[in-house]
Amino acid sequence: MQNPHVIFGVLIAMGAVWTLGWAIIMARSGRSIPVEQLERSENRIRVGLLGGLAAIAIVVFVLSLPRLPFAGSRRAELGPPQVTITATAVQWGWIISRDRLTAGIPIEFDVTSRDVNHDFAIYDPDGRLLTQVQAMPGYINRLVYRFSAPGTYTVRCLEYCGVGHHMMTARLTVARQE
Ligand SMILES: [Cu+2]
């Protein structure tokens, strides 16, 4: 699951590195220095700036690898799915093999499309996006997810797919685990 605070923190850190680099450039711009020397030192700042941002990006990439929403890493995290559901997109609706689900167990959604590209996205009862995967003709994309609480969840399409795109909603009723 994405943590908005982490994403926000990373953006702030990258912005701070960028601002610091520019602050150094601006602080130096008041002095008169021979142009060759200036080019050399500004180049060092540019390389340092690029290197700093690249280092942050590499660290974030490595740290976020286990959290990628791919079916394999979700299965490793949640255990083997106990229920498999097929979700097929059509212009403009969803054909879902079962809409009554159980909270607390890993569920696999096998998502595909009959016509064009769509996107299968699950929203919680408060309208927050929980997880999503592309629905593509000719492919089955597997999404493994565990609902943490019972409630009525909404499926929406997140890939613009034509004039009826906004009508592509479905309900998933999630019940408490027996
Ligand atoms: Cu759509």
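Predicted, not measured: the structure shown is a model, and the values here were computed from it. (Residues numbered from 1 in each chain as written. Predicted model: local features only at pLDDT ≥ 70, side-chain atom pairs only at ≥ 80, totals over all residues. Heavy atoms only, no water.)

Caption draft 1: Structural detail: the pattern of salt bridges. By the definition in use, this model includes five salt bridges. Two residues, glutamate 108 and arginine 142, come together in a salt bridge whose shortest N-O distance is 3.7 Å. Residue glutamate 108 is found in strand 4 (residues 106-113), and its partner arginine 142 is found in strand 7 (residues 141-146); the two are separated by 34 residues along the sequence. What makes glutamate 108 buried here is its relative accessible area of 8%. A cluster of three or more residues bridged by salt bridges with shared partners is formed by Arg75, Glu108, Asp110 and Arg142. (Salt bridge = Lys/Arg side-chain N within 4 Å of Asp/Glu carboxyl O. Helix = DSSP H or I, 4+ residues; strand = E, 2+ residues; numbered from the N terminus. Buried < 20%, exposed > 50% of the residue type's maximum accessible area, 1.4 Å probe, protein only.)

Caption draft 2: Region of the structure containing the coordination of the copper ion. Around the copper ion, the protein contributes the donor atoms Cys157 (SG), Glu159 (O), Cys161 (SG) and His165 (ND1), which lie 1.9 to 2.4 Å from the metal centre. Bound by four donor atoms, the copper ion shows angles of 85 to 126° at the metal and therefore tetrahedral coordination geometry. Mapping the donors of the copper ion onto the primary sequence gives the spacing C-x1-E-x1-C-x3-H. Residue cysteine 161 is classed as buried on the basis of its relative accessible area of 7%. (Donors = N, O, S within 2.8 Å, 3.2 Å for Na, K, Ca; no water. Tetrahedral: all angles 85-135°; square planar, octahedral: opposite > 155°, others 65-115°.)

Caption draft 3: Spatial organisation of the side chain of aspartate 110. Within the secondary structure, aspartate 110 sits in strand 4. You can call aspartate 110 buried: its relative accessible area is 12%. A distance of 3.1 Å separates the side chain of aspartate 110 from the side chain of arginine 142, its partner in a polar contact. (Polar contact = N/O pair within 3.5 Å; in protein donor to acceptor, adjacent residues only side chain to side chain.)

Caption draft 4: Layout of the sheet that holds strand 5 (residues 118-123). Reading across the sheet, the five strands line up as 3-9-8-5-6 and stay open at both edges, with mixed pairing between neighbours. Because the sheet does not close on itself, it has two edges, and the strands there are strand 3 (100-102) and strand 6 (129-135). Between one strand axis and the next, the sheet turns through 25° on average, direction left out of account. Note that strand 3 and strand 9 (residues 169-175) share three bridges and pair parallel. Looking across to strand 9, one finds that arginine 100 is bridged to threonine 173. (Pairing = 2+ DSSP bridges. Axes fitted to C-alpha atoms, helices over the stretch in contact; angles between N-to-C directions.)

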